[in-house]
Amino acid sequence: MEVTTSPLAITLLGEFSLTPAGQQAISFTGDRPISLLAYLLLHRHTAVSRSHLAFTLWPDSSDSQARTNLRNLLFTLRQTLPDANSYLIADSMTIQWRPEACFSLDVADFEAALSAAKTAVATEAKIMHLETAVSLYRGELLLGNYDDWIISLREAFRQNYIDALYQLMALLEGTQDYRTAASYGQRLLHQDPLDETAYMQLMRLHALSGDRAGVRRVYTLCQNTLRRELDVEPSPTTQSTYQQLLRLEATPTAMPLPPLQEDQTTPPAP
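Quick caveat: nothing in here was measured; it's all calculated off a predicted structure.

Draft legend 1. Main features of the environment of R187. Here R187 lies in helix α7 (residues 178-191). Classification of R187 by relative accessible area gives partly exposed; the value is 34%. A sequence separation of 53 residues divides R187 from V134, and the C-alpha atoms of the two residues are 9.7 Å apart. Contacts of R187, omitting those with residues within four sequence positions, involve V134, Y161 and L165.

Structure follows, in structure tokens:
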């Protein structure tokens, strides 16, 4: 039977939100219903056994208590989710989010954009898809959720985001759009202020633009951050790169930086 329902817009990257079309976001009581919902969404192509869900969400509880908790939580989720039967399939053994239901999911769009970038041939198309992907990454997966099961998935999405930023920097450098490339470098530093490769890439972009002051500014930021956070100096590679960039009289055509791979993205594990 074909499922018909009003569309839902669901966000898992950054702050969680679930918003029916034309309405305000739904308010959930506590984190547990959100955790169950997120697990089902992230594993939407598979029916998940109740016993596995119970153990995953309550690893420190007895089997019987965890199953009771799951039954109660599923009841709460059904009461909160509008037209729940159009989105959830549940029997005595398994629970599944209907993958054919009418909804949008930011993590699915993020993965689709990365996949499209991976298969695109034209540089312009790769850039477009990667920019779509990074625009969808509004923060870590289920920000504020500390369940054990989310940790590896959260890091996988974060790493894919970082890889996409590096790819964008390399592709935009190739098109000589140094300003835009540098803006993605700033996002890299926001993710990891201790990433010396990102500092080197930013210095490179400023040098390509003929902006020596920018090279100095980025290196000083790197130096101050490493001293403050780790009480260390930039690595010899970073220092050497900085000195070579300052000595260049003309627009550089080659820099002693680690090569960027334009196809680093791998999908998060299910």
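Having seen it, we continue.
Draft legend 2. Quick look at helix α8 (residues 196-208). Along its 13 residues, α8 runs 18 Å from first to last C-alpha, staying within 8% of the 18 Å computed at 1.5 Å per residue. Here α8 lies mainly inside the structure; 12 of its 13 residues are buried. All of the buried residues along α8 are E196, A198, Y199, M200, Q201, L202, M203, R204, L205, H206, A207 and L208. Each element contacted by the buried residues of α8 is listed here: α6 (148-174), α7, α9 (212-230) and α10 (236-247). Where α8 starts, the residue carrying a side-chain oxygen 3.1 Å from the main-chain nitrogen of T197 turns out to be D195. Where α8 terminates, the next one or two residues include G210, which has phi positive at roughly 80°.

Draft legend 3. Seen up close, the confidence of the model for the protein chain. Summing up the model confidence of the protein chain, the mean pLDDT is 89 and the portion of residues at 70 or higher is 90%. Element-level mean pLDDT values for the protein chain span from 93 in α10 up to 98 in helix α5 (residues 123-136). Taken as a whole, residues 1-5 scores under 50 in pLDDT and shows 9 contacts with residues more than four places along the chain or in a different chain. When the criterion is pLDDT under 50, residues 254-270 qualifies, and its contacts beyond four places in sequence or with other chains add up to 38 contacts.

Draft legend 4. Representation of the pattern of salt bridges. Applying the stated rule across the entire model yields 7 salt bridges. Residue R98 is joined to E100 by a salt bridge in which the shortest nitrogen-to-oxygen separation is 3.5 Å. Taking relative accessible area as the criterion, E100 reaches 45% and is therefore assigned partly exposed. Across the pair E155 and R158 runs a salt bridge, and its minimum N-O distance is 3.6 Å. Taken together, the residues E155 and R158, both in helix α6 and 3 residues apart, mark about one turn of the helix. By relative accessible area, which is 38% here, E155 ends up partly exposed. The exposure class assigned to R158 is buried, which follows from its relative accessible area of 16%.

Draft legend 5. Just the packing of α7 against α8, in detail. Axis separation between α7 and α8 bottoms out at 9 Å; the angle between their running directions is 160°. Between α7 and α8, the angle is such that the two are roughly antiparallel. As α7 packs across α8, the resulting crossing turns out to be left-handed. Contacts between α7 and α8 involve Y178, A181, A182, G185, Q186, L188 and L189 from the former and A198, Y199, L202, L205 and L208 from the latter.

Draft legend 6. Local environment of the packing of aromatic side chains. The final tally for this structure, using the stated rule, is 8 aromatic pairs. Ring plane angle 75° and centroid distance 4.9 Å describe the contact between Y39 and W149, whose orientation is recorded as edge-to-face. Note that Y39 is positioned in helix α1 (residues 32-42) and W149 in helix α6, a separation of 110 residues in sequence. Taking relative accessible area as the criterion, Y39 reaches 7% and is therefore assigned buried. Note on Y219 and Y242: the rings are 3.9 Å apart at their centroids and 5° apart in plane angle, and the pair reads as stacked. Separated by 23 residues along the polypeptide, Y219 in helix α9 and Y242 in helix α10 bring together distant segments of the chain. The same class applies to Y219 and to Y242, which are both buried. Among the aromatic residues, those joined into a cluster by ring pairs are F110, Y137, F157 and Y161.

Draft legend 7. Quick peek at the packing of α6 against α7. Following both chains from N to C, one finds α6 and α7 inclined at 155°, their axes separated by 8 Å at the closest point. Between α6 and α7, the angle falls in the class roughly antiparallel. Between α6 and α7 lies a crossing whose hand is left-handed. Residues R158, Y161, I162, L165, Y166, L168, M169, L172 and E173 of α6 form the contact with α7, whose own contacting residues are Y178, T180, A181, Y184, G185, R187, L188 and Q191. The residue makeup of the contact of α6 with α7, split by class, is 11 nonpolar, 3 polar and 3 charged.

Rules of the game
- Residues numbered from 1 in each chain as written.
- Predicted model: local features only at pLDDT ≥ 70, side-chain atom pairs only at ≥ 80, totals over all residues.
- Heavy atoms only, no water.
- Helix = DSSP H or I, 4+ residues; strand = E, 2+ residues; numbered from the N terminus.
- Buried < 20%, exposed > 50% of the residue type's maximum accessible area, 1.4 Å probe, protein only.
- Contact = heavy atoms within 4.5 Å.
- Expected span 1.5 Å × (residues − 1).
- Polar contact = N/O pair within 3.5 Å; in protein donor to acceptor, adjacent residues only side chain to side chain.
- pLDDT = per-residue confidence, 0-100.
- Salt bridge = Lys/Arg side-chain N within 4 Å of Asp/Glu carboxyl O.
- Axes fitted to C-alpha atoms, helices over the stretch in contact; angles between N-to-C directions.
- Parallel < 35°, antiparallel > 145°, perpendicular 65-115°, else oblique.
- Left-handed = near helix turned anticlockwise from the far one by under 90°.
- Phe/Tyr/Trp six-rings, centres within 6.5 Å; stacked < 30°, edge-to-face > 60°.
- Nonpolar A, V, L, I, M, F, W, Y, C, P; charged D, E, K, R; others polar.

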